[in-house]
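Structural features, examined
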Amino acid sequence: MSAPPPILCTVDVVLLTLRAGTLHVLLVRRDKAPFAGAWALPGGYIHAQEDSDAQASAARVLRDKAGLQSPYLEQLATFSGIARDPRGWSVAIAYCALVPEHLLQADALAEGAALVAVDDLPALPFDHGQIVQVALERVRSKSQYSSLPVYLCGEQFTLPQLQAVYEAVLGEPLNKVSFRRKMDELGMLEPVPGALHSGGAHRPAQLYRLRPEFRRHLSLSARGL
């Protein structure tokens, strides 16, 4: 009896950021077949001898293909089947990363990487279009009840800035009073002592940050910096 063909095992990452109030996703230009030259999600094979787990694979892929190191990562879903990859039966473990815009300046991205608005995505190879949609649904759903959009803000922010991020993610305006009441109920924020943001004609606004028990890996360095 001949050995069954190997199953391809990869990771794919949907990295989301806000630019000009719109969600953008990071794409990389494929340099190998299949679909050489096409824009796609950062992805690659799991290296069994190098990666301690699938999340380590995803972090390595972003570092190697997009010039990004140690982003916030959350496992999204598993995509599998014979039809998703012309090379054969495959399993892809997809991850979602949220990154503040100021850490994703265009000149800091790896060559062949670009940020594209989620509403202007080109046709993507494999099932990457489906993966992006699942990521958007997950982020928008969790934003209804959690602190998830905070990871698009950076480490310090004002309440109006945070509300604008929630509105951009959810795609709808939010009542200021209701939003602030919800933030109080979540109990996830703390004021930064003595830190104020000057907003032009408006009086300085208090800066906030996540309480320690809510914090995850907010820091991300580009190009190994």
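Residues numbered from 1 in each chain as written. Predicted model: local features only at pLDDT ≥ 70, side-chain atom pairs only at ≥ 80, totals over all residues. Heavy atoms only, no water.

**Overview of the environment of Leu98**
The line we're drawing: Counting from the N terminus, the helices are DSSP H or I runs at least four residues long and the strands are E runs at least two residues long. The buried label goes to any residue with under 20% of its type's maximum accessible area, the exposed label to any with over 50%, and the partly exposed label to all in between, with areas taken from a 1.4 Å probe on protein chains only. Here, residues are in contact when the closest pair of their heavy atoms is within 4.5 Å.
With respect to the helices, strands and loops of the structure, Leu98 is situated in strand 7 (residues 90-98). Taking the relative accessible area as the measure of exposure, Leu98 reaches 3% and is therefore buried. With 52 residues separating them along the chain, Leu98 and Val150 place their C-alpha atoms 9.1 Å apart. Excluding residues that lie within four positions of it along the chain, Leu98 makes contacts with Leu16, Tyr72, Val139, Leu148, Tyr151 and Leu152.

**Details of the nonpolar core**
The criterion, for reference: We define the nonpolar core as a collection of buried residues of types Ala, Val, Leu, Ile, Met, Phe, Trp, Tyr and Cys that are connected through side-chain atoms lying within 4.5 Å of one another.
Core analysis: the largest hydrophobic core is formed by 38 residues, its most contacted members being Val14, Leu16, Leu23, Leu98, Leu162, Met188 and Leu189. Going through the elements one at a time, strand 1 (8-19), strand 2 (22-29), strand 6 (73-81), strand 7, helix 2 (128-143), helix 3 (159-170) and helix 4 (176-186) are the ones with two or more residues in this core. Considering each element in turn, this core owes the most residues, six residues, to helix 3. Grouped together as the second largest cluster of nonpolar side chains are 21 residues, Leu62, Leu73, Tyr95 and Leu115 included.

**Brief notes about helix 3**
Here is the rule: Under the convention used throughout, the expected extent of a helix is 1.5 Å for every residue step, that is, one less than its residue count.
Its 12 residues place the ends of helix 3 16 Å apart at the C-alpha level, agreeing with the 16 Å of an ideal helix rising 1.5 Å per residue. Listed as buried for helix 3 are Leu159, Leu162, Gln163, Val165, Tyr166, Ala168, Val169 and Leu170. Directly beyond the C-terminal end of helix 3, a positive phi value near 75° is found at Gly171.

**A look at the packing of aromatic side chains**
The line we're drawing: Stacked, tilted and edge-to-face are the three classes assigned to paired rings of Phe, Tyr and Trp, where Trp is represented by its six-membered ring and a pair needs centres within 6.5 Å; plane angles under 30 degrees give stacked, over 60 edge-to-face, the rest tilted.
Enumeration over the complete set of coordinates arrives at two aromatic pairs. When the centroid spacing of 5.0 Å and the interplanar angle of 80° are considered together, the rings of Phe35 and Phe126 count as edge-to-face. Highlighted residues: Phe35 in the loop between strand 2 and strand 3 (39-40) and Phe126 in the loop between strand 8 (113-117) and helix 2, separated in sequence by 91 residues. By relative accessible area, Phe35 is classed as partly exposed at 38%. Residue classification places Phe126 among the buried positions, given a relative accessible area of 19%. Their ring planes at 70° and their centres at 5.3 Å tell us that Tyr166 and Phe179 sit as a pair that is edge-to-face. Note that Tyr166 is positioned in helix 3 and Phe179 in helix 4, a separation of 13 residues in sequence.

**A short note on the packing of helix 3 against helix 4**
Worth spelling out the cut-off: What counts as an axis is a line fitted to C-alpha atoms, over the stretch in contact for a helix, and the angles between N-to-C directions run from 0 to 180 degrees. The cut-offs work like this: below 35 degrees is roughly parallel, past 145 is roughly antiparallel, 65 to 115 is roughly perpendicular, and the gaps in between are oblique. Under the convention adopted here, Pro, Cys and the residues Ala, Val, Leu, Ile, Met, Phe, Trp and Tyr are nonpolar, Asp, Glu, Lys and Arg are charged, and Gly plus all remaining residues are polar.
Close contact between helix 3 and helix 4 brings their axes to 11 Å; oriented N to C, the two are set at 100°. Taken as axis vectors, helix 3 and helix 4 run roughly perpendicular relative to one another. Contacts between helix 3 and helix 4 involve Leu159, Pro160, Leu162, Gln163 and Tyr166 on the former and, on the latter, Lys176, Phe179, Arg180 and Met183. Of the residues contributing to the contact of helix 3 with helix 4, the split by class is six nonpolar, one polar and two charged.

**Some thoughts on unusual backbone geometry**
Between Ala33 and the following residue, Pro34, the backbone shows a cis peptide bond with an omega angle of -5°. If you check the backbone angles, Phe35 has positive phi at about 65° while not being a glycine.

**Comments concerning the pattern of salt bridges**
What counts here: Any Lys or Arg side-chain nitrogen located within 4 Å of an Asp or Glu carboxyl oxygen qualifies as a salt bridge.
Per the stated rule, a full pass over the model turns up nine salt bridges. When the shortest N-O distance is used, the salt bridge between Asp85 and Arg87 registers 2.7 Å. Among the residues examined, Arg87 registers a relative accessible area of 39% and is labelled partly exposed. When the shortest N-O distance is used, the salt bridge between Glu190 and Arg209 registers 2.8 Å. With Glu190 in strand 9 (residues 189-199) and Arg209 in strand 10 (residues 202-210), this pair connects stretches of sequence that are 19 residues apart.

**Topic: the confidence of the model for the protein**
Applicable threshold: For every residue, the predictor reports its confidence as pLDDT, a number between 0 and 100.
Model confidence for the protein is summarised by a mean pLDDT of 88, while 90% of its residues fall at 70 or above. Contacts of residues 217-225 to residues separated by more than four positions or lying in other chains number 27 contacts, the stretch itself having pLDDT below 50.

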